Amino acid sequence: MRKKGLLLFGAGLLAGISSSFGLSHSKKAAPAVSLPLFYAGTWQYYDEERDRTHVISIGPDLKLTIDNHVIAANVEQINNEHLIYLDRLGYHITIQANESRPVALIDETDDEVYTLKPLV
């Protein structure tokens, strides 16, 4: 019984030492980019109904601007998949993202989904 206890203690000690020196086989996640910085940038989207291309900008402070007009909206939720604003009329403006950048704007007011493209 005593040998079994020492064996378990030794195995635990070895595992602890190997992880301390980086010998563990588990992968460590890459450092995450700050969410406000991930969403910050300028894109364009095409509105078929109005036959117009719009420019949307999100600042590092998450201030939302469309066609150089500041949109009065508060951030309701932010994570790796979406940034959700609530505008002054109670409608949601959602920015969806993939693993590398924002890719779509969902406008609850118009019940439309617009594809975001990098501004060229």
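Residues numbered from 1 in each chain as written. Predicted model: local features only at pLDDT ≥ 70, side-chain atom pairs only at ≥ 80, totals over all residues. Heavy atoms only, no water.

On to the nonpolar core, then. Membership of the largest hydrophobic core comes to 17 residues, with the highest contact counts inside it found for Tyr39, Ile56, Ile58, Tyr85, Ile95 and Leu105. Per-element accounting of this core gives the leading share, three residues, to strand β7 (residues 92–97). (Core = buried A, V, L, I, M, F, W, Y, C linked by side-chain atoms within 4.5 Å. Buried < 20%, exposed > 50% of the residue type's maximum accessible area, 1.4 Å probe, protein only. Helix = DSSP H or I, 4+ residues; strand = E, 2+ residues; numbered from the N terminus.)

Moving on: the side chain of Asp107. Along the polypeptide, Asp107 turns up in strand β8 (residues 102–107). Look at Asp107: it is buried, it has no salt bridge, and the nearest opposite charge is Arg50 at 6.6 Å. A distance of 3.0 Å separates the side chain of Asp107 from the backbone nitrogen of Thr109, its partner in a polar contact. In this structure, Asp107 is in contact with His92, Glu112 and Tyr114, ignoring residues within four places of it in sequence. (Lys, Arg positive; Asp, Glu negative; His and termini not counted. Salt bridge = Lys/Arg side-chain N within 4 Å of Asp/Glu carboxyl O. Polar contact = N/O pair within 3.5 Å; in protein donor to acceptor, adjacent residues only side chain to side chain. Contact = heavy atoms within 4.5 Å.)

Read from one edge to the other, the open sheet built from five strands follows the order β5-β6-β7-β8-β9, with strand pairing classed as antiparallel. The two strands at the open ends of the sheet, each matched to only one other strand, are β5 (73–78) and β9 (112–115). With direction set aside, neighbouring strand axes in the sheet form an average angle of 20 degrees. (Pairing = 2+ DSSP bridges. Axes fitted to C-alpha atoms, helices over the stretch in contact; angles between N-to-C directions.)

According to the stated counting rule, one finds three salt bridges in the structure shown. Asp47 is the partner of Arg50 in a salt bridge, and the nearest nitrogen-oxygen pair spans 2.7 Å. On the basis of relative accessibility, which here comes to 4%, the residue Asp47 falls in the buried class. For Asp110, the salt bridge identified is with Arg50, shortest N-O distance 3.5 Å. Here Asp110 is found in the loop between β8 and β9, whereas its partner Arg50 is found in the loop between β1 (41–47) and β2 (52–58), with 60 residues between them in sequence. Taking relative accessible area as the criterion, Arg50 reaches 47% and is therefore assigned partly exposed. Members of the salt-bridge network, linked through shared partners, are Asp47, Arg50 and Asp110.

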